[in-house]
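Residues per chain are reported as follows:
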Amino acid sequence: MKRTITHLADGRELVYFDRHDDADRSAIDRRDLPPRPAASELRYDPLTEEWVAVAGHRQGRTFLPPASECPLCPSTPGHPTEIPSASYDVVVFENRFPSFSAQPGPHRDIGGMSEARPGIGRCEVVCFTSDHDSSFSRLSPGRIDLVMEAWIDRTAELSAIPGVEQVFCFENRGAEIGITLAHPHGQIYAYPYVTPRTRLSLGAAERHRERTGGNLFADVLAAEREAEVRVVAANEHWTAFVPAAARWPVEVHLYPHRRVPDLGGLNEAERSAFGPLYTEVLRRLDGLFGMPMPYVAAWHQAPVNVGRELSYAHLELFSIRRAPNKLKYLAGSESAMGAFVNDVLPEEAALLLRSTVTE
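Residues numbered from 1 in each chain as written. Predicted model: local features only at pLDDT ≥ 70, side-chain atom pairs only at ≥ 80, totals over all residues. Heavy atoms only, no water.

Which residues make up the overall build of the protein chain, and what values go with them?
When helices and strands are tallied, the protein chain shows six helices and 16 strands. In terms of C-alpha radius of gyration, the protein chain reaches 21 Å, essentially the compact-globule figure of 21 Å for 359 residues. Counting over 359 residues, the protein chain shows a buried share of 52%. Surface exposure of the protein chain reaches about 16,700 Å², of which carbon and sulfur atoms provide 52%. Across the protein chain, the 38 positively charged side chains and the 48 negatively charged ones have centroids separated by 2 Å. (Helix = DSSP H or I, 4+ residues; strand = E, 2+ residues; numbered from the N terminus. Rg over C-alpha atoms; globule rule 2.2 N^0.38 Å. Buried < 20%, exposed > 50% of the residue type's maximum accessible area, 1.4 Å probe, protein only. Areas by Shrake-Rupley, 256 points an atom, 1.4 Å probe, with all protein chains shown as cover. Lys, Arg positive; Asp, Glu negative; His and termini not counted. Charge placed at Lys NZ, Arg CZ, Asp CG, Glu CD.)

As structure tokens, then:
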């Protein structure tokens, strides 16, 4: 793998990940870009003890442009994009409209038993392929290995930024999910705090360890593999299963069989085994209703400074589609109370996914 670091016209960092060492990445971004936006702001909610990012500049971000104006495609004469090169394998760059950034900002007293501080962190975009019309499910094993290397590289780099507490790699796919760009891509958030979901999970894992001496995630995986009824697919190193208490109509978790705190802990065999199983699961999702499935794919990794001995890196994949012409909306119970009601029995969802023919 060849890793090349360069910068865009406004100073944002861009990193190429190439399969071949002779890749030429000398192209320069000559666009006349506006200055980078001011830092977002974090506001503390005393009722939930959570931080909320406020980033007003994101209102002006690019929204579903036509393919001919896609900013994630390679640059062509007359159409310079975020990627200066005329082609690429995998590329990562700082988001032009970040929720968090390293830009300095003031601490402010805003009253209301709250406080505001700069949204220190970083947001990056990961382009999986230069092919605008492709998808993650159609990537070759070698390309997925390269994406995995990019995730691992960026997790390590962003974890080293002062103030960063957690690194989150994810993909949003489909207009129904709320994407703003259709090109196959994901994102990486480097948060200046441990996210609420992770704090809850680590708290449960710590209580489980006190009661049983075991690792909660490892024990859940072992129980699902033994029960088998919710397992969708598996290979030597990974198992994909519908969780027993799935919140979403379609929800699959992918676990490596060996506990590692983050993606960097995976060995070569585990990294290579991930792609074939994951793309099989994605094709099953697309085949379920005979249409591309909108989804969120979320990597759960250990925080930078706490809970690493409890954490177990795994991928959570879920969709809001519950039928060919129906979506699950987060209505009163889910949105206001955080209390999910799932219309699909997890065992039925697993059976349907196992029965779906993949091409």
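Run through helix α4 (residues 268-288), naming residues and quoting values.
Its 21 residues place the ends of α4 31 Å apart at the C-alpha level, agreeing with the 30 Å of an ideal helix rising 1.5 Å per residue. Near the N-terminus of α4, the side chain that reaches the backbone nitrogen of Ala269, with its oxygen 3.1 Å away, is that of Asn267. Two residues or fewer past α4, Gly290 is found with a positive phi of approximately 70°. (Expected span 1.5 Å × (residues − 1). Polar contact = N/O pair within 3.5 Å; in protein donor to acceptor, adjacent residues only side chain to side chain.)

Summarise the pairing of strand β3 (residues 41-45); cite the residues concerned and give the values.
Taken together, the five bridges between β3 and strand β4 (residues 50-54) define a ladder with antiparallel strand orientation. Looking across to β4, one finds that Arg43 is bridged to Val52. The loop that links β3 with its antiparallel partner β4 comprises four residues; one of these, Glu49, has a positive phi angle of about 60°. (Pairing = 2+ DSSP bridges.)

So what about the sheet that holds strand β5 (residues 90-94)? Which residues, and what values?
If you walk across this open sheet you meet the 11 strands as β1-β2-β5-β7-β9-β8-β13-β14-β12-β11-β10, and the pairing is antiparallel. Edge positions in the open sheet fall to β1 (2-7) and β10 (231-234), since each of these has one partner strand only. Here the strands of the sheet are splayed against their neighbours by 20° on average, with no regard to which way each runs. Here strand β8 (residues 166-173) pairs with strand β13 (residues 295-300) via four bridges, running antiparallel. By the bridge assignment for β13, Phe170 is matched with Ala298. In the packing of helix α6 (residues 346-355) onto the sheet, contacts are made with β10 and β12 (250-256), and the angle to β10 comes to roughly 40°. (Axes fitted to C-alpha atoms, helices over the stretch in contact; angles between N-to-C directions. Contact = heavy atoms within 4.5 Å.)

With reference to specific residues and values, describe the pattern of salt bridges.
Taken as a whole and judged by the stated rule, the model has 29 salt bridges. Close ionic contact of Glu124 with Arg122 constitutes a salt bridge, the shortest N to O distance being 2.8 Å. (Salt bridge = Lys/Arg side-chain N within 4 Å of Asp/Glu carboxyl O.)

Give me the sheet that holds strand β6 (residues 116-118): which residues, what numbers.
The three strands are arranged β4-β3-β6 in an open sheet whose pairing can be described as antiparallel. Edge strands, defined here as strands with exactly one partner in the open sheet, are β4 and β6. Going from strand to strand, the sheet's axes swing by 35° on average, the running direction of each strand aside.

An account of the packing of α4 against α6 is requested, with residue identities and associated values reported.
Interaxial distance between α4 and α6 falls to 8 Å at its minimum, and their mutual angle equals 100°. Comparing their axes, α6 and α4 come out roughly perpendicular. Along its contact with α4, which presents Arg284, Leu285 and Leu288, the element α6 presents Leu352, Leu353, Arg354 and Ser355. In terms of residue class, the contact of α4 with α6 is built from four nonpolar, one polar and two charged. (Parallel < 35°, antiparallel > 145°, perpendicular 65-115°, else oblique. Nonpolar A, V, L, I, M, F, W, Y, C, P; charged D, E, K, R; others polar.)

With reference to specific residues and values, describe the layout of surface pockets.
Approximately 290 Å³ is the volume attributed to the second largest pocket. In terms of lining, the second largest pocket is formed by 21 residues, of which the most central are Ser134, Ser135, Arg173, Gly174 and Ala182. Per-element tally for the lining of the second largest pocket: the top contributor is β8, with three residues. For the lining of the second largest pocket, the residue count by class is nine nonpolar, six polar and six charged. (1 Å grid on protein atoms, 1.4 Å probe; cavity = no way out; pocket = protein on both sides within 12 Å on 5 of 7 lines; lining within 4 Å. Points joined across faces, edges and corners; volume = space filled by probe spheres on them.)

How would you sum up empty space enclosed by the protein? Please name residues and give values.
As enumerated under the stated definition, the model contains two cavities of 30 Å³ or more in all. Considered as a void within the structure, the largest cavity measures approximately 50 Å³ in volume. Every residue along the wall of the largest cavity is listed here: Phe128, Phe136, Trp151, Cys169, Phe170, Glu171, Tyr278, Ala297, Trp299 and Leu315. The set of elements that each furnish at least two residues to the lining of the largest cavity consists of β8 and β13. The element that contributes the greatest number of residues to the lining of the largest cavity is β8, accounting for three residues. Counted by class, the lining of the largest cavity contains nine nonpolar, no polar and one charged residues. By volume, the second largest cavity amounts to about 40 Å³. Forming the walls of the second largest cavity are Ser135, Phe136, Ser137, Arg173, Leu282, Leu285, Asp286 and Tyr295. Element by element, the count of residues in the lining of the second largest cavity is highest for α4, at three residues. Among the residues making up the lining of the second largest cavity, the classes are represented as four nonpolar, two polar and two charged.

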